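# Observations on chain architecture
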Amino acid sequence: MIREAALADLAALTDLESACFAGDAWSPALIESELLGETRSVLLASGETGVIGYCSMRIVDGVADLQRIAVRPAARRQGLGRELLEELFGRATGRGATRMLLEVAASNEAAIGLYESFSFEPISRRHDYYADGTDAVVMERTLGEWS
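One structure accompanies this document, and this report is about it. (Residues numbered from 1 in each chain as written. Predicted model: local features only at pLDDT ≥ 70, side-chain atom pairs only at ≥ 80, totals over all residues. Heavy atoms only, no water.)

Okay, the overall build of the protein chain next. Tallying secondary structure elements over the protein chain gives four helices and seven strands in all. Radius of gyration (C-alpha) of the protein chain: 14 Å, near the 15 Å computed for a compact globule of 147 residues. Dimensions of the protein chain, computed from C-alpha atoms along their principal axes, come out at roughly 35 × 35 × 30 Å. By residue count, 43% of the 147 residues in the protein chain fall in the buried class. Across the protein chain, contacts joining residues at least 24 apart in sequence account for 57% of those joining residues at least 6 apart. Summed over its atoms, the accessible surface of the protein chain is roughly 7700 Å², and 47% of this surface lies on carbon and sulfur atoms. Here the protein chain carries 14 positive and 23 negative side-chain charges, and the mean point of each set is 1 Å from the other. (Helix = DSSP H or I, 4+ residues; strand = E, 2+ residues; numbered from the N terminus. Rg over C-alpha atoms; globule rule 2.2 N^0.38 Å. Buried < 20%, exposed > 50% of the residue type's maximum accessible area, 1.4 Å probe, protein only. Contact = heavy atoms within 4.5 Å. Areas by Shrake-Rupley, 256 points an atom, 1.4 Å probe, with all protein chains shown as cover. Lys, Arg positive; Asp, Glu negative; His and termini not counted. Charge placed at Lys NZ, Arg CZ, Asp CG, Glu CD.)

As structure tokens, then:
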């Protein structure tokens with residue numbers, strides 16, 4: 001089940017961040033700012049074991065910026081990342097966004113493959129972007145009819 005996240009979900013989202021991103025995990029304060037931000041949308045996916053995924057985007061001037069997408073390791077490769085991304089596309093276009101941007105670790109082949117399957121294209125690279133020194137690939141796609 002995918003739903004809008006609420007401030008009451010902060011502890012679960014913080015736990016998920018740690019499970020998915022280790023040294024690059026967002027702090028509780030940063031997650032709280034995502035939940036409270038007027039230009040942001042945070043979606044949460046839950047399953048039998050609790051929170052298994054979430055995503056966050058920010059929309060400014062018609063551009064949706066995918067801030068985060070995370071799926072608990074045990075729930076990966078089952079289509080949840082795809083479902084979260086599809087839900088974000090619908091919300092972004094509903095709020096007037098015409099394109100979406102994201103950064104992804106250059107070493108994260110699974111995520112890059114997911115984004116490419118949705119017609120995201122690399123447009124730039126940010127060197128030493130992540131805490132471990134990994135580069136980020138900046139990707140972009142036009143929004144509209146995506147299904």
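Assignment of secondary structure puts Glu17 in helix α1 (residues 10-21). On the basis of relative accessible area, Glu17 is assigned to the buried category, the value being 0%. Sequence-distant contacts of Glu17, defined by excluding residues within four places in its chain, comprise Ala22, Asp24, Ala25, Trp26, Ile31, Tyr54 and Arg68.

Moving on, we come to the packing of aromatic side chains. Within this structure, the stated rule accounts for four aromatic pairs. Judged by centre distance (5.3 Å) and plane angle (75°), the rings of Phe89 and Phe118 are edge-to-face. Separated by 29 residues along the polypeptide, Phe89 in helix α3 (residues 80-94) and Phe118 in the loop between α4 (109-117) and β6 (121-126) bring together distant segments of the chain. The exposure class of Phe89 is buried, given its relative accessible area of 0%. Pairing Tyr115 with Phe120 gives two aromatic rings, centres 5.7 Å apart and planes at 65°, and the pair type is edge-to-face. (Phe/Tyr/Trp six-rings, centres within 6.5 Å; stacked < 30°, edge-to-face > 60°.)

In this section: α4. By the burial criterion, the buried members of α4 are Ala111, Ile112, Leu114 and Tyr115. Buried residues of α4, seen end-on, are gathered within an arc of 160° and therefore sit on one face of the element. Exposed side chains of α4 directed beyond 90 degrees from the buried face belong to Glu109 and Ala110. Those residues of α4 hidden inside the fold are in contact with β4 (63-71), α3, β5 (99-105) and β7 (136-142). Note on α4: the residue one or two positions beyond its end, Ser119, has a positive phi of about 70°. (Arc of directions from axis to C-beta.)

Scanning the model with the defined rule gives nine salt bridges in all. The partner of Arg72 in a salt bridge is Asp15, with the nearest N and O atoms 3.1 Å apart. Linking Arg72 in the loop between β4 and α3 with Asp15 in helix α1, this pair joins segments that are 57 residues apart in sequence. The network of salt bridges with shared partners includes Glu4, Glu87 and Arg91. (Salt bridge = Lys/Arg side-chain N within 4 Å of Asp/Glu carboxyl O.)

This part is about the packing of α3 against α4. Two numbers describe a pair of packed helices, the interaxial angle and the distance between the axes. The geometry of α3 relative to α4 is characterised by a closest axis approach of 11 Å and an angle of 45° between their N-to-C directions. Comparing the axis directions of α3 and α4 gives the class oblique. Handedness of the crossing formed by α3 with α4: right-handed. Contact with α3, carried on its side by Gly81, Arg82 and Leu85, involves Leu114, Tyr115 and Ser117 of α4 and no other residues of that element. For the contact of α3 with α4, the class distribution of residues is three nonpolar, two polar and one charged. (Axes fitted to C-alpha atoms, helices over the stretch in contact; angles between N-to-C directions. Parallel < 35°, antiparallel > 145°, perpendicular 65-115°, else oblique. Left-handed = near helix turned anticlockwise from the far one by under 90°. Nonpolar A, V, L, I, M, F, W, Y, C, P; charged D, E, K, R; others polar.)

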